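# Remarks on the overall topology
Each chain, written out:
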Amino acid sequence: MKEHIYPALSEKMYWDTLPNGLTVAVVKRSGFTKKLAYFVTDYGAIHTEFTFNGTKYNAPAGIAHFLEHKMFDLPGRDVTGEFAALGAIPNAFTSYDLTAYYFSCTENFRENLQLLLEFVSTPYFTKESVDKEQGIIGQEIGMHADNPDSRAFENLMQAMYRNHPVTVPILGSKESIAQITPELLHACHGAFYRPGNMLLCVVGDVDEKQIREIAMAVLPETDTAVVERIQTWQEDMTCPQDFVCSSMEVAMPMFQLGFKCEPPALGEAAVLAEAVGDLAAEALFGESSRLYLQMYEQGLIDTSFGGGFETIEGMAFLTASGDSENPQAVRDAILQEAQRIALEGIPAEDFLRMKRSAMGRRIRDLDSFDSIAFRVCAYYFSKFDYFDFPWIYQSVEVSQVQAFLQQVVTEERCSLSVVTPIQQEENI
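Residues numbered from 1 in each chain as written. Predicted model: local features only at pLDDT ≥ 70, side-chain atom pairs only at ≥ 80, totals over all residues. Heavy atoms only, no water.

## Observations regarding the overall build of the chain
Worth spelling out the cut-off: Think of it this way: any DSSP run of H or I at least four residues long counts as a helix, any run of E at least two long counts as a strand, and we number them from the N terminus. Note on method: radius of gyration uses C-alpha positions; expected globular size equals 2.2 Å times residues raised to 0.38. To sort residues, take the accessible area from a 1.4 Å probe on protein chains only and compare it with the maximum for the residue type: under 20% means buried, over 50% means exposed, and anything in between is partly exposed. Note on definitions: a residue-residue contact is assigned when non-hydrogen atoms from the two residues lie within 4.5 Å. A 1.4 Å probe and the Shrake-Rupley method give the accessible areas. Residues count as covered only by the protein chains that appear here. When charges are counted, Lys and Arg contribute as positive and Asp and Glu as negative, whereas His and the chain ends are disregarded. Where a charge lies is defined by one atom per residue type, namely NZ (Lys), CZ (Arg), CG (Asp) and CD (Glu).
When its secondary structure is counted, the chain shows 15 helices and 17 strands. Compactness check: the chain gives a C-alpha radius of gyration of 23 Å against a globular reference of 22 Å for 428 residues, within 12% of the reference. Summarising its shape, the C-alpha atoms of the chain cover approximately 60 × 50 × 40 Å along the three principal directions. A buried classification covers 53% of the 428 residues belonging to the chain. Put simply, 81% of the contacts in the chain that link residues at least 6 apart link residues at least 24 apart. Summing over all exposed atoms, the chain offers an accessible surface of approximately 18800 Å²; the carbon and sulfur share of this is 49%. Each charge sign in the chain was given a centre, from 32 positive and 60 negative side chains, and these centres are 5 Å apart.

Pasting the structure below:
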């Protein structure tokens, strides 16, 4: 495996691509007893249209999350119980653009890694188990619909985007998951759970050569699948709706505000766009910003307020959220402040402080094994080495942040999603 050293962060990582196409990344943490392994596929809720070995598929919404649940099934075995017997804690999650399976342990690492690779690479779906899972996930969808944060976010995505599949919830709907069959699950697994579409990332005091050997022994020797993703997600930078409101059992109005951004490219360009967006959010409404203090003193926001720059494959947006009795006033204040900053500029000493703060947060994240593994995987699929982030942040100039605010934080790119208490619905 090839060794990479990052002097600025005092980090060391080993990379290798196996003959079957799997990429393996090992972040060395000598002296630690904890070990963490992430096995991640570049496949999430938005990847429903594709061709696999010459056959075109338009899979039901929610199938990536459904598949994540079903992967823990092996015939006659209790995968979670096997991990527990080995002293490990397993888990998994599905996002819009990737699915991850992972465990942490302090002992029996080799056996736990073998089990992780085995169950994720072994498709086993029966009609009976799929029918049962449809009922379980149907209940999860019902509980998700009762979550006001989820409602506010999903309403915002539907208000901001016309074509991008982010408008469809990760869980899908009860109607869409009812269309899932064992055959469709096999097709999705074959297309996306193949070594060439996955990354194994391990963090801890481990032997990188042993990890490579385990992966070679457990996973398929070749990856011959022919897969093409179909992505007709082109968007202009205006929002279909500038305001959307629903009512739920909440104590006070809560909101999600979004500003549509151009989708970032891959590699360095993607990380530069993220750094500029992060710094723009900090300058505009970070906790030490002028606007944050003004809105807090005026009672427009409370400590629930926050925001930042978010990216999902094929899209990006600046967002702010929180509780407020007057969400429209918060939106207007943010719009006005963005244009003021774009015209008057950011003092050099303030900009330097913001860059140091952003870098400090990133460096503190390196104390978390989970944060390291997740970011290494996410950045890998964006074609960037995560540990190279310091020089990207250092390269950002104040003019780029001001230009971002002037271009992005405008009424044309803005949408506001509000969830109000039921009794206030008629007043909004």
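## Considering the sheet that holds strand 14 (residues 254-261)
Sheets are built from strands that pair by backbone hydrogen bonding, the pairs being arranged parallel or antiparallel. What counts, and what does not: Two strands pair under a simple rule: DSSP has to find at least two bridges between them. Lines are fitted to the C-alpha atoms to define the axes, a helix being fitted only along its stretch in contact, and any angle between axes, read from their N-to-C directions, falls within 0 to 180 degrees.
Spatial ordering of the open sheet is given by 13-17-14-16-15, a layout of five strands whose pairing is mixed. Strands with a single pairing partner mark the edges of an open sheet, and in this sheet they are strand 13 (243-248) and strand 15 (306-312). Put simply, the sheet's adjacent strands are angled 20 degrees from each other on average, direction ignored. Bridging between strand 13 and strand 17 (residues 414-421) involves six bridges; their strand directions are parallel. Bridge pairing in strand 17 links Phe243 to Leu416. Against the sheet, helix 9 (residues 268-285) contacts strand 15 and strand 16 (315-323), and its axis sits at roughly 165 degrees relative to strand 15.

The quantities given are spatial measurements derived from coordinates; they are silent on function.
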